[in-house]
Amino acid sequence: MSGGRDILVCQDLAIGHGDRVVMDRLSFALPAGRILAVIGPSGCGKSTLMRALGGLDEPIGGRTTLMGIDLATAAGADRQSILRRTGFLFQGSALFSSLTLRENIEMPMREFLRCPAKEIRQLAEYKLALVGLADAMDKLPSEISGGMAKRAGIARAMALDPEVIFLDEPSAGLDPVSSGRLDELILRLRAAFGTTVVLVSHEVPSILRTADFCVYLDPETGTMGAYGPPKDFLQAGQAPKVHAFFTQARFD
Ligand SMILES: Nc1ncnc2c1ncn2[C@@H]1O[C@H](COP(=O)(O)OP(=O)(O)O)[C@@H](O)[C@H]1O
Ligand SMILES: [Mg+2]
């Protein structure tokens, strides 16, 4: 939370699929240890942006650096380094249904950590305890609630002690109590580990509770409508669509 160093810097970032540009001219910087919410109407490119920012898909244009690594040219060791130092909760959370929660969390550990099975097991149990699932580690995803599945997904994203985690709609489909618990968990992980968080959310109360900054993607202009602290957008100002998002609208 010391601020200072920008862990993520986008200059004129363009994102999309194949030749199709979904958003361009995205320019913002996120200091390490902060929480960024990506917001905007359904289909505007939030998930596409998350994948690009996390180095999973190559940006179409512009210059973007994550942890000092240029995402347009990252290859080999740099790309491995990004994978090793980031964690993802994809939209829909997608735990492996035939594996227990503990086995789900062990997967990325087995891939990247050179440690004996016993240590990996202990690490996975520790991560599940962190998210309040100590009593559920031997359950299958089908045996737990939606809120628990999201927390297990966050434990998996945190498996390798990442510097940055990307959470795509972590609270989608949750009741307000579970959603509130998830917000607290995200804030607690950030406080404990200094993790930088990039998340997609539609829940205004949740954004106001957790995010230090938000970037609003405007599909009508094909670029960002605003970037700044969410509380700023509660005031009517130069960004009417963002203001509308914060004061009334739910887009999907
Ligand atoms: N894998 C893909 N291939 C081609 N087009 C895609 C793919 N994923 C998403 N899109 C398109 O890109 C646009 C942005 O999608 P997405 O990033 O999923 O939006 P959001 O997460 O904001 O709802 C949409 O028009 C969507 O149809
Ligand atoms: Mg999405």
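The structure reproduced in this document is the subject of the present report. (Residues numbered from 1 in each chain as written. Chains lettered and ligands numbered in written order. Predicted model: local features only at pLDDT ≥ 70, side-chain atom pairs only at ≥ 80, totals over all residues.)

1. Some thoughts on the pairing of strand S7 (residues 164-168)
Which entries qualify depends on this criterion: Partly exposed residues are those whose C-beta has more than 12 but fewer than 20 other C-beta atoms within 10 Å; with 20 or more the residue is buried, with 12 or fewer it is exposed, and the C-beta atoms are placed from the backbone. Helix and strand labels come from DSSP, where a helix needs a run of H or I of at least four residues and a strand needs a run of E of at least two; each type is numbered from the N terminus. Strands pair, by our definition, only if DSSP identifies at least two bridges between them. For crossovers, right-handed means that the path from the first strand over the helix to the second runs clockwise, given strands pointing away from the viewer.
Burial analysis of S7 places five of its five residues in the buried class, the great majority of the element. In S7, alternate side chains face the same way, and those of Val 164, Phe 166 and Asp 168 on one face and Ile 165 and Leu 167 on the other are all buried. The pairing of strand S6 (residues 86-89) with S7 spans four bridges and is classified as parallel. What sits directly across from Thr 86, in S7, is Val 164. When S7 meets strand S8 (residues 196-200), the two strands line up parallel, connected through five bridges. Its bridge partner lying in S8, Ile 165 is registered against Val 197. Remark: the S7/helix H6 (residues 176-193)/S8 crossover connection has right-handed handedness.

2. Considering the site of ligand 1
To keep things clear, this is the line we draw: We call a residue near a molecule or strand when the C-beta position, derived from backbone atoms, sits within 6 Å of it. For this scheme, ten residues count as nonpolar: Ala, Val, Leu, Ile, Met, Phe, Trp, Tyr, Cys and Pro. Four count as charged, namely Asp, Glu, Lys and Arg, and the remainder, Gly too, count as polar.
Surrounding ligand 1, one finds His 17, Val 22, Ser 42, Gly 43, Cys 44, Gly 45, Lys 46, Ser 47 and Thr 48. Among the elements that make up the shell around ligand 1, the one with the highest residue count is helix H1 (residues 46-53) (three residues). Tallied by class, the residues present in the shell around ligand 1 amount to two nonpolar, six polar and one charged.

3. Describing the nonpolar core
Soluble globular proteins tend to bury their nonpolar side chains together. Where we set the bar: Linking buried Ala, Val, Leu, Ile, Met, Phe, Trp, Tyr and Cys residues through C-beta atoms within 7 Å yields a set, and such a set is a nonpolar core. Two residues qualify as a contact pair if the distance between their C-beta atoms, derived from the backbone, is within 7 Å.
One finds Leu 36, Val 38, Val 198 and Tyr 216 to be the most contacted residues of the largest nonpolar core, which totals 63 residues. Excluding its chain neighbours within four sequence positions, the residues that come into contact with Tyr 216 are Ile 39, Gly 40, Met 224, Gly 225, Ala 226, Lys 241, Val 242 and Phe 245.

4. Considering H6
Convention followed: Here the expected length of a helix is defined as 1.5 Å per residue gap, with one fewer gap than residues. As used here, the arc belongs to the directions running from the helix axis to the C-beta atoms.
The end-to-end C-alpha distance of H6 is 26 Å, a good match for the 26 Å that 18 residues give at a rise of 1.5 Å each. Taken together, the buried positions of H6 are occupied by Ser 179, Leu 182, Asp 183, Leu 185 and Ile 186. End-on view of H6: buried residues confined to an arc of 160°, all on one side of the axis. Opposite the buried face of H6, at more than 90 degrees from it, the exposed residues are Pro 176, Val 177, Glu 184, Ala 191 and Ala 192. Taken from the residues just after H6, Gly 194 is the one with a positive phi, measuring 70°.

5. Side note on the pairing of strand S9 (residues 213-218)
Relative to S9, strand S3 (residues 35-39) runs parallel, the two being bridged by four bridges. Within S9, the residue paired with Ala 37 across the bridge is Cys 214. Bridge analysis of S9 against strand S10 (residues 223-228) gives five bridges, and the strand direction is antiparallel. Residue pairing in the sheet places Cys 214 in a bridge with Gly 228 of S10. Following S9, the chain reverses through four residues before pairing antiparallel with S10; Gly 222 in that reversal takes a positive phi of roughly 70°.

6. Points about the packing of helix H5 (residues 146-157) against H6
As a reminder, the rule being used: With axes taken as lines fitted to C-alpha atoms, and helix axes fitted only over the stretch in contact, angles between N-to-C directions fall between 0 and 180 degrees. Here is the rule for angles: anything less than 35 degrees is roughly parallel, anything more than 145 is roughly antiparallel, 65 through 115 is roughly perpendicular, and the remaining ranges are oblique. Working rule for handedness: look at the near helix, and if it is turned counterclockwise from the far one by less than a right angle, call the crossing left-handed; if clockwise, right-handed.
For the pair H5 and H6, interaxial distance at closest approach is 10 Å and the crossing angle is 15°. Classified by the interaxial angle, the pair formed by H5 and H6 is roughly parallel. As H5 runs across H6, the sense of the crossing is right-handed. Residues Gly 147, Lys 150, Arg 151 and Ile 154 of H5 touch H6, and the partners they reach there are Ser 178, Arg 181, Leu 182 and Leu 185.

7. Considerations on the sheet that holds S7
Taken in spatial order, the six strands of this open sheet run S6-S7-S8-S3-S9-S10, and their pairing is mixed. Strands with a single pairing partner mark the edges of an open sheet, and in this sheet they are S6 and S10. Pairs of neighbouring strands in the sheet enclose a mean axial angle of 15°, with direction left out of account. Set on the sheet, H5 makes contact with S6 and S7; between it and S6 the angle comes to about 160°.

8. Quick look at the packing of helix H3 (residues 101-112) against H5
Running from N to C, H3 and H5 point in directions that differ by 25°, and their axes come no closer than 8 Å. With respect to H5, the axis of H3 lies roughly parallel. Of the two elements, H3 crosses H5, and the hand of that crossing is right-handed. Of H5, the residues touching H3 (which contributes Leu 101, Asn 104, Ile 105 and Pro 108) are Ala 152, Ala 155 and Arg 156.

9. Some remarks on the sheet that holds strand S1 (residues 6-17)
If you trace the four strands from one edge of the open sheet to the other, you get S2-S1-S4-S5, paired in antiparallel fashion. Each having just a single partner strand, strand S2 (20-31) and strand S5 (69-70) make up the two edges of the open sheet. Of the strand pairs in this sheet, S1 and strand S4 (residues 61-66) are connected by five bridges, and their pairing is antiparallel. Of the residues in S4, the one forming a bridge with Val 9 is Thr 65. Packed on one face of the sheet, H1 meets S1, S2 and S4 and runs near 125° to S1.

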